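Here is what each chain is made of, one letter per residue.
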Amino acid sequence: ESLVANEMEGELVTAGLKEAAKWLDVDYRNPVLSLDFGTTLAGRITNDQLPYSKVIGSFCGLAGAIPDALVSKIVSEKYPSVLDFTSRERGRGRVKKEVVKAYAEEVLSHLRIEKVKSGTRFGGSPVNVAAARRNGVTLIGVDAGDNMSDLPKIGQIGEEIAKDAGIHYVHHVIDEVSASITERLVGIAKDEGLLLPDTKIGITGRAGITGRKPELVLHKLSDLFERNMEKEVIFADDALARGAAVLGRCMHQFGTPSNPIGGIQGGGCILGERVKKQKRNI
């Protein structure tokens, strides 16, 4: 059953993070927690069950839409995003950490980061809570007020930051907010008992890996788990596209042993031949 509207995105992102990890020399296989901070939030939590792992958690709601709202009254575009907030507009100047954290907390006060227990929409994303419950999947989401109702208030905070503290504070606040959202999402998964001792965490998307976000996320997660998380968290660009490539490769080259998609016309499954060849090469 479909649990959230962008469920396939969470599936592809998880596959893409697994592919990206091959370049990082990290064994990012199940159990994993994957997070995609695009405009909307997507991702999965899996366990270590064999031969097929089970999805035990799914993410939904808002992600990049939150920093987009923060700059909405600063940039002049009709449909503003952080990408319109150019380096010239960012400005330069000294930054006080306590001021950044104060504004970040003000933004976070308008956000609901929680386990989704009821309703048909959360953060603009259609959700099926009953189906999730039947399938033993915990839905965790991010919303601004009630189904995005507080996004305009976040825009007003951004305008206030630029006017009172200086426009150069805006990106620092965005990084702090995004890192705090990540910490709270992972914290909920931890409190719900969804994380195993060896669960790896993967993060992708413009609102998760740009600026100082990776540095802040690692610091916050290390505090959350009370251990150094540098070798347990990976950051990758465009995991959605990577996952689509993985899906295409698997589907077009393999299929199933009894009904293969790959290989040549009239031939059988090629997986066995490839395994033999790889063993010879090793």
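Above this text you will find the structure in question.
Residues numbered from 1 in each chain as written. Predicted model: local features only at pLDDT ≥ 70, side-chain atom pairs only at ≥ 80, totals over all residues. Heavy atoms only, no water.

Draft legend 1. Representation of helix α1 (residues 7–24) within the structure. The end-to-end C-alpha separation of α1 is 26 Å, in line with the 26 Å expected for 18 residues at 1.5 Å each. Burial in α1 covers these residues: Glu 7, Glu 9, Gly 10, Leu 12, Val 13, Thr 14, Gly 16, Leu 17, Ala 20 and Ala 21. Where α1 is buried, its residues meet β1 (32–37), β2 (41–46), β8 (200–204), β9 (233–235) and α10 (239–253). Trailing α1 by a residue or two, Asp 25 shows a phi angle of about 60 degrees, which is positive. (Helix = DSSP H or I, 4+ residues; strand = E, 2+ residues; numbered from the N terminus. Expected span 1.5 Å × (residues − 1). Buried < 20%, exposed > 50% of the residue type's maximum accessible area, 1.4 Å probe, protein only. Contact = heavy atoms within 4.5 Å.)

Draft legend 2. View of a nonpolar patch on the surface. A cluster of nonpolar side chains, contributed by Leu 247, Met 251 and Ile 261, occupies part of the molecular surface with about 270 Å² of accessible area. Counting through the fold element by element, Leu 247 comes out in helix α10. (Patch = residues over 30% accessible without salt bridge, like charges linked within 9 Å, V, L, I, M, F, W, Y side chains within 5 Å. Areas by Shrake-Rupley, 256 points an atom, 1.4 Å probe, with all protein chains shown as cover. Salt bridge = Lys/Arg side-chain N within 4 Å of Asp/Glu carboxyl O.)

Draft legend 3. Seen up close, the pattern of salt bridges. Scanning the entire structure with this criterion turns up 15 salt bridges. Between Glu 192 and Lys 115 there is a salt bridge; the shortest N-O distance is 3.4 Å. Of the two residues, Glu 192 is situated in the loop between α7 (170–191) and β8 and Lys 115 in strand β4 (residues 111–115); the sequence distance between them amounts to 77 residues.

Draft legend 4. Geometry of the sheet that holds strand β7 (residues 138–144). If you trace the seven strands from one edge of the open sheet to the other, you get β4-β7-β3-β2-β1-β8-β9, paired in mixed fashion. Two strands bound the open sheet, and with one partner strand each, they are β4 and β9. Neighbour-to-neighbour, the strand axes of the sheet open up by a mean angle of 10 degrees, direction not taken into account. Relative to β8, β1 runs parallel, the two sharing five bridges. Paired with Val 32 across the bridge in β8 is Lys 200. Contacts from α7 reach β1, β2, β3 (55–61), β4, β7 and β8, with the element oriented near 150 degrees to β1. (Pairing = 2+ DSSP bridges. Axes fitted to C-alpha atoms, helices over the stretch in contact; angles between N-to-C directions.)

Draft legend 5. Spatial organisation of the packing of helix α4 (residues 97–108) against helix α6 (residues 151–165). With their axes 10 Å apart at the nearest point, α4 and α6 run at an angle of 160 degrees to one another. Viewed along their axes, α4 and α6 adopt a mutual orientation that is roughly antiparallel. By crossing handedness, the relation of α4 to α6 is classed as right-handed. When α4 is examined against α6, the residues Val 99, Tyr 103, Glu 106 and Val 107 are found in contact with a partner set consisting of Ile 154, Ile 157, Glu 160, Ile 161, Asp 164 and Ala 165. (Parallel < 35°, antiparallel > 145°, perpendicular 65-115°, else oblique. Left-handed = near helix turned anticlockwise from the far one by under 90°.)

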